[in-house]
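Working through the structure, step by step
Below are the chains, spelled out letter by letter.
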Amino acid sequence: MAEQEPTAEQLAQIAAENEEDEHSVNYKPPAQKSIQEIQELDKDDESLRNKEALWFGVFTSDPGKPGWC
């Protein structure tokens, strides 16, 4: 048996229920931080450095080492 399309009244009810759900979330975004603050937090994260090296290659500011840029 084929399903029937919802009526305009049913669609309005569904929309109202969804809107209620959106406003009942208790999410509070974290305080804003500058790029510099975020980089400072990540500087000692070895796993992040390993992933960045894998994704982007290894870069160094030492012209005598591979990956110099």
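If you're wondering where the values come from, they're calculated on a predicted model, not measured in any experiment.

Below, the discussion takes up the overall build of the protein. Per the secondary structure count, the protein includes 3 helices and 0 strands. Going residue by residue from the N terminus, the α and β elements of the protein occur as α-α-α. Put simply, the protein has 69 residues, and 0% of those count as buried.

A ring pair, where both rings are aromatic, is described by two values, the distance of the centres and the angle of the planes. The final tally for this structure, using the stated rule, is 1 aromatic pair. Centre to centre, the rings of Trp-55 and Phe-56 are 6.1 Å apart; their planes meet at 80°, and the pair counts as edge-to-face. As far as the burial class goes, Trp-55 and Phe-56 line up, both exposed.

Right, let's talk about the confidence of the model for the protein for a bit. Averaged over all residues, the pLDDT of the protein is 79; the fraction at 70 or higher stands at 72%. Highest mean pLDDT in the protein belongs to helix α2 (residues 35-42) (89); lowest belongs to helix α1 (residues 8-23) (79).

This part is about a nonpolar patch on the surface. On the surface, Leu-54, Trp-55 and Phe-56 cluster together into a nonpolar patch covering about 430 Å² of accessible area. Looking at the element boundaries, Leu-54 is found in helix α3 (residues 46-56).

Definitions and cut-offs
Residues numbered from 1 in each chain as written. Predicted model: local features only at pLDDT ≥ 70, side-chain atom pairs only at ≥ 80, totals over all residues. Heavy atoms only, no water. Helix = DSSP H or I, 4+ residues; strand = E, 2+ residues; numbered from the N terminus. Buried < 20%, exposed > 50% of the residue type's maximum accessible area, 1.4 Å probe, protein only. Phe/Tyr/Trp six-rings, centres within 6.5 Å; stacked < 30°, edge-to-face > 60°. pLDDT = per-residue confidence, 0-100. Patch = residues over 30% accessible without salt bridge, like charges linked within 9 Å, V, L, I, M, F, W, Y side chains within 5 Å. Areas by Shrake-Rupley, 256 points an atom, 1.4 Å probe, with all protein chains shown as cover. Salt bridge = Lys/Arg side-chain N within 4 Å of Asp/Glu carboxyl O.

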